[in-house]
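Okay, here's what each chain looks like letter by letter:
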Amino acid sequence: MYDVRIRLSKRGRIKFVSHLDMFRLMQRAVRRADIPLWYTEGFNPHPYVSYLLALPLGVEGLSEPIDIRLVEEMPAEEVQARLNAVLPEGLRVESVAAPFHKPAEIAFGRYEVFLDKSDISKEELTEALECGELTCEKSGKSGHKKIMKTVNVSEHIRRYAVDDAGEQIKLEVVLPAGSTFNLNPLQLMEAVSARLGRRVYPPLTVRTALLCADESEFR
Amino acid sequence: MDKKLEKILPLVQKPARYTGGELNSVVKDKNAVDIRFAFCFPDSYEIGMSHLGIKILYSLINARQDAWCERVFAPWPDMEAQMRDNGIPLYALESGDPVAAFDIVGFTLQYELCYTNVLNMLDLAGLPVRSKDRKTLFPLVVGGGPCACNPEPMADFFDLFMLGDGEEVTNELLDLYKAHKRKGSSKTEFLRDASKLPGIYVPAFYDVAYQEDGTVGAIVPKEGAPEKIVKRVVRDLDRVFYPDSFVVPFIDVVFDRVTHEIFRGCIRGCRFCQACFLSRPIREKTPETINEQCKALCRNTGYDEISLCSLSSSDYSHIEELLSRLLDWTPDEKVNIALPSLRVDNFSDELLQKLTGVRKSGLTFAPEAGTQRMRDVINKNVTEEELLETARVAFAGGYSAVKLYFMLGLPTETPEDVQGIAALARRVVDEYYAMPDKPKGRGVSVSVSASNFVPKPFTPFQWEPQATREELKEKQTLLLHSCPSKKVNISFHDIDTSFLEGVFARGDRRLSDVIETAWKQGCIFDSWNDHFKFDKWMESFAACGLSPEFYANRRRDYGETLPWDHLDYGVSKGYLERENEKAKRAETTANCKIKCAGCGANKLNGGHCDV
Ligand code: SF4
Ligand code: SF4
């Protein structure tokens, strides 16, 4: 068995396809791609596809890691080409390589958030990001029950930069990601909206990379 | 993607229903085609994308160089609200272009309760709902599907209907449309020619007069339209177009798999079953063709399940051969086979073995009625012993959940027949516990689904009154009280919904007003319980001065002109009348394999049925 890590970009309207649906989509894609897949045992065997970290609905991704398992080796370029031949518009395999890090090593996500200047000014955005008391509601678990928790967002902003030189305001931000705690930029913008008292929704949000604890790129 | 659309999508549920861009969806250059066709399904994306007919016609139209077919579904009310608030008209998924810009807007009418959705979609597209208010050749609004067999309640909204199998007539219609578009014809000029194509029904070319008692008096054609419109039948299923790829939805839909139709028609002739009579004569596809087409579909979609569909799969003459062929390659490709619509009476041990080798899930049977007398009336030729024997085989094969389908309110039904349903369900439970080596610690679960009988056109029961809402209520209560077993779980269908279905199934043109009124009162998605507004419907009937009971609960006599009498589906009225008489005597009719009962449908196929 050979595990290979695919890095997938997800751009354009396909960003509205949820994580759960992406999972099924990738399972079917690998089947169509005619690569030597390893199937799970059991009565209803399916190919092993592991999506390392969910991408929130509505967010684009440039380098989303997915692990698949093969029964025999196949050159990386071959796997990449075969997958790209069958993926729907908006999805592309950017690279294929042996996994380097363990999935648990994912610690942060780096994002670019584009905002319309008619929705918010650079000053308003900076003030909100600096205020130290941004909060949002996040669903969590208490035992087996689903509950809503108020999260202090400000505490979790690892770093950010705001650039308003272009037609839109561009916010670059690094937020916690991984199996233990996640905060996504849409939640961050909800917190900003709550503070401003009006809805500010970014027309475009992109996860550019996943990072390890030392902020080196997850591979 | 449209900027306005992009802004609202984060605000609605399951936005991937509205984006398009799915695998195998077809995008063409709109300037390089002559005809743009918007295929509309008047229900949610999940329901529409599960439907086989839309997949066939989508691929068939897109196989033409000169045409581009796109898909349109009814937006869910949350999306509709956003669209209306933001001035986004109904658009097609492939191009995102407004439906009003298309040449032809085609609706498939799968069930009566989708009618208000048709109006709502036309309105969302910015089009007048009534045919007479749409003056130009485009968009032309056309309809097809099972409800086209009596489209009268929708007659005022459509420009034309296509009756029967759509594969050939669709192409003929597109050819004709293209010629007229080129000539710059008026809508009437086009419709006049279209009405001469076999299988095309232009409702505006028929004047309907009513008698004092409210029944139809005469149906008179004009503009040279034919007296009778005969439905279309594809003769050779092996050669007719079948897609080699399906659009693969992003989101989970009701049936998300390769579906393959193995034959058309049904040999059984159960007297309540409209699907059977509408789809006759019986035509089969060869196992070779089915196998090859399934292979291509699996390869092009990545689906891991094939569903062999037909009205009664086990009646397919080559079922064993087909399964062998499929099982040659499906296990290696990790593809499952599902065979819905199996009948209990020829569900062989061997067949069961083959299928269980592939997949085990719940089993469903449709005895439809609880007593032998009642089953004889409806011509469901299955005995209790056969049903129990099948249950035994299934239980021994490891199944422990069984679902049984019944109908309430069948003609001549007595309280004993209703109680018989409970008794039969109990006997199935007993069968499980009588097994010598039943699995320990696992109980059996028998669910009974009791729907309400709705008399439909082109069936032997087309003259029968539907049981009233009160009667149905009593029957449901009786069934519930006669079934104390905890192992049996009974579920019912909504009575008001069935009543409305009964009204529209056998309705006439005057109901167009009721449908429009109800839609204006906010009725949409009527087949969804949480959207169904029965009171608004009743108000609409009253406002239009029409009685729903007149349509649903009245017995017609054989001499009455029925609203669909000018439509010919092959099955003769004489045959239906004979069958109705036999039903009254609880006499059965043998299936077509044993003896042709002379239903008349084979005349549409050169006198031939594949039996
Ligand atoms: S077996 Fe009976 S109920 Fe089933 S499709 Fe045939 S006629 Fe209809
Ligand atoms: S023509 Fe005869 S064999 Fe054919 S469907 Fe009718 S009854 Fe059956």
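What counts and what doesn't
- Residues numbered from 1 in each chain as written.
- Chains lettered and ligands numbered in written order.
- Predicted model: local features only at pLDDT ≥ 70, side-chain atom pairs only at ≥ 80, totals over all residues.
- Heavy atoms only, no water.
- Helix = DSSP H or I, 4+ residues; strand = E, 2+ residues; numbered from the N terminus.
- Rg over C-alpha atoms; globule rule 2.2 N^0.38 Å.
- Buried < 20%, exposed > 50% of the residue type's maximum accessible area, 1.4 Å probe, protein only.
- Contact = heavy atoms within 4.5 Å.
- Areas by Shrake-Rupley, 256 points an atom, 1.4 Å probe, with all protein chains shown as cover.
- Lys, Arg positive; Asp, Glu negative; His and termini not counted.
- Charge placed at Lys NZ, Arg CZ, Asp CG, Glu CD.
- Buried area = accessible area lost by both parts, 1.4 Å probe.
- Salt bridge = Lys/Arg side-chain N within 4 Å of Asp/Glu carboxyl O.
- Polar contact = N/O pair within 3.5 Å; in protein donor to acceptor, adjacent residues only side chain to side chain.
- Nonpolar A, V, L, I, M, F, W, Y, C, P; charged D, E, K, R; others polar.
- Patch = residues over 30% accessible without salt bridge, like charges linked within 9 Å, V, L, I, M, F, W, Y side chains within 5 Å.
- Arc of directions from axis to C-beta.
- Domains from an automatic or database assignment.
- 1 Å grid on protein atoms, 1.4 Å probe; cavity = no way out; pocket = protein on both sides within 12 Å on 5 of 7 lines; lining within 4 Å.
- Points joined across faces, edges and corners; volume = space filled by probe spheres on them.
- Near = heavy atom within 4 Å.
- Pairing = 2+ DSSP bridges.
- Axes fitted to C-alpha atoms, helices over the stretch in contact; angles between N-to-C directions.

Chemist: Report on the overall build of chain B, specifying residues and quantitative values.
Modeler: Regarding its fold elements, chain B presents 20 helices and 19 strands. The C-alpha radius of gyration computed for chain B amounts to 24 Å, which stays within 12% of the reference 25 Å derived for 611 residues, consistent with globular compactness. Referenced to the eigenvectors of the C-alpha coordinate spread, the extents of chain B come out at roughly 75 × 65 × 50 Å. Among the 611 residues that make up chain B, the fraction classed as buried is 60%. Considering only residue pairs separated by 6 or more positions, chain B has 77% of its internal contacts joining residues 24 or more positions apart. Put simply, chain B shows about 22700 Å² of open surface, and 51% of that area lies on carbon and sulfur atoms. Within chain B, the 89 negative side-chain charges are centred at a point lying 0 Å from the centre of the 77 positive side-chain charges.

Chemist: So what's going on with the interface of chain A and chain B? Which residues, and what values?
Modeler: Taken together, the 24 residues of chain A in the interface contact 34 residues of chain B. When chain A packs against chain B, close to 2300 Å² is buried across both sides, 55% of that on carbon and sulfur atoms. For chain A, the biggest contributors to the area lost against chain B are Arg13, Phe16 and Arg28 of chain A; these three give 30% of the whole. Run the count over chain A and chain B and you get five salt bridges. Between arginine 28 of chain A and aspartate 256 of chain B there is a salt bridge whose closest N-O contact spans 2.9 Å. Between the two partners, chain A and chain B, sit eight residue pairs in polar contact (both at pLDDT 80 or more). At six residues, the largest contribution of residues to the side of chain A that touches chain B is made by helix H1 (residues 19-32) of chain A. Partitioned by chemical class, the residues of the side of chain A that touches chain B number 13 nonpolar, one polar and 10 charged.

Chemist: Tell me what's going on with a negative patch on the surface, and back it up with residues and numbers.
Modeler: On the surface, Glu123, Asp163, Asp164 and Glu172 of chain A cluster together into a patch of negative charge. By the element assignment, aspartate 164 of chain A lies in the loop between strand E8 (159-163) and strand E9 (169-176).

Chemist: An account of helix H3 (residues 122-130) of chain A is needed here, citing residue identities and associated values.
Modeler: An α-helical turn contains 3.6 residues, so any two residues separated by three or four positions project in the same direction. Residues and elements named next belong to chain A. Residues of H3 that are buried: Leu125, Ala128 and Leu129. An end-on view of H3 places all buried positions within 95 degrees of arc, on one side of the element. Exposed and facing more than 90 degrees away from the buried side of H3 are Glu123 and Glu130. For H3, the secondary structure elements touched by its buried residues are strand E5 (108-115), E8, E9 and helix H4 (185-196). Positive phi appears at glycine 132, one or two residues downstream of H3, with a value of about 80 degrees.

Chemist: Account for the domain arrangement of chain B, naming residues and giving values.
Modeler: Residues and elements named next belong to chain B. Each domain of chain B was delimited in the assignment, giving domain 1 (3-230), domain 2 (257-360 + 569-611) and domain 3 (362-493). Of note, the centres of domain 1 and domain 2, computed from C-alpha atoms alone, are 29 Å apart. Taken together, the 11 residues of domain 1 in the interface contact 11 residues of domain 2. In total, domain 1 and domain 2 occlude about 910 Å² of area from one another, counting both sides; carbon and sulfur atoms represent 52% of this. Broken down residue by residue, the surface that domain 1 buries against domain 2 is led by Leu52, Cys149 and Asp165, which jointly contribute 45%. Where domain 1 touches domain 2, the interface holds three salt bridges. Taking the shortest distance from any N to any O, the salt bridge between arginine 283 and aspartate 165 comes out at 2.8 Å. For the interface between domain 1 and domain 2, the tally reads five residue pairs in polar contact (both at pLDDT 80 or more).

Chemist: Describe empty space enclosed by the protein, listing the residues and the values that go with them.
Modeler: All names here are of chain B. Applying the stated criterion across every chain, the model contains eight cavities of 30 Å³ or more. A volume near 100 Å³ is recorded for the largest cavity. Residue lining of the largest cavity: Arg17, Tyr18, Tyr45, Val72, Phe73, Ala74, Pro75, Met79, Met83, Leu90, Tyr91 and Leu93, and that is the complete set. Mapped by element, the contributors of at least two residues to the lining of the largest cavity are strand E2 (67-73) and helix H4 (77-85). Its residues assigned to classes, the lining of the largest cavity shows 11 nonpolar, no polar and one charged.

Chemist: Lay out unusual backbone geometry with the relevant residues and their values.
Modeler: The peptide bond linking phenylalanine 138 of chain B to proline 139 of chain B adopts the cis configuration, its omega dihedral lying at -10 degrees. Tracing the chain through its elements places proline 139 of chain B in the loop between helix H5 (115-124) and strand E4 (140-144). For the bond from arginine 280 of chain B to proline 281 of chain B, the omega torsion is 0 degrees, close enough to zero to count as cis. Along the chain, proline 281 of chain B falls in the loop between helix H8 (274-279) and strand E12 (283-284). Notably, glutamate 215 of chain A is not glycine yet its phi reads approximately 65 degrees, a positive angle. Following the sequence through the fold, glutamate 215 of chain A ends up in the segment after strand E10 (204-211). Non-glycine residue threonine 412 of chain B carries a positive phi angle of around 70 degrees.

Chemist: Outline the site of ligand 2, supporting the account with residue identities and numerical values.
Modeler: Close contacts around ligand 2 come from Arg280, Ile282, Cys592, Cys596, Ala597, Gly598, Cys599, Asn602 and Cys609 of chain B, and that covers them all. Looking at side-chain class alone, the shell around ligand 2 contains six nonpolar, two polar and one charged residues.

Chemist: Explain the sheet that holds strand E10 (residues 258-261) of chain B residue by residue, including any values.
Modeler: Hydrogen bonds between backbone atoms are what pair the strands of a sheet, whose relative direction is either parallel or antiparallel. Residues and elements named next belong to chain B. Spatial strand order, E10-E13-E14: three strands in an open sheet with parallel pairing. The open sheet has two free edges, formed respectively by E10 and strand E14 (336-338), since each of these has just one partner strand. Shown here is a sheet whose adjacent strand axes are inclined to one another by a mean of 25 degrees, direction ignored. The pairing of strand E13 (residues 305-309) with E14 spans three bridges and is parallel. Following the sheet pairing, isoleucine 306 is matched in E14 by isoleucine 337. Seen against the sheet, helix H9 (residues 287-301) touches E10 and E13 and runs at an angle of roughly 160 degrees to E10.

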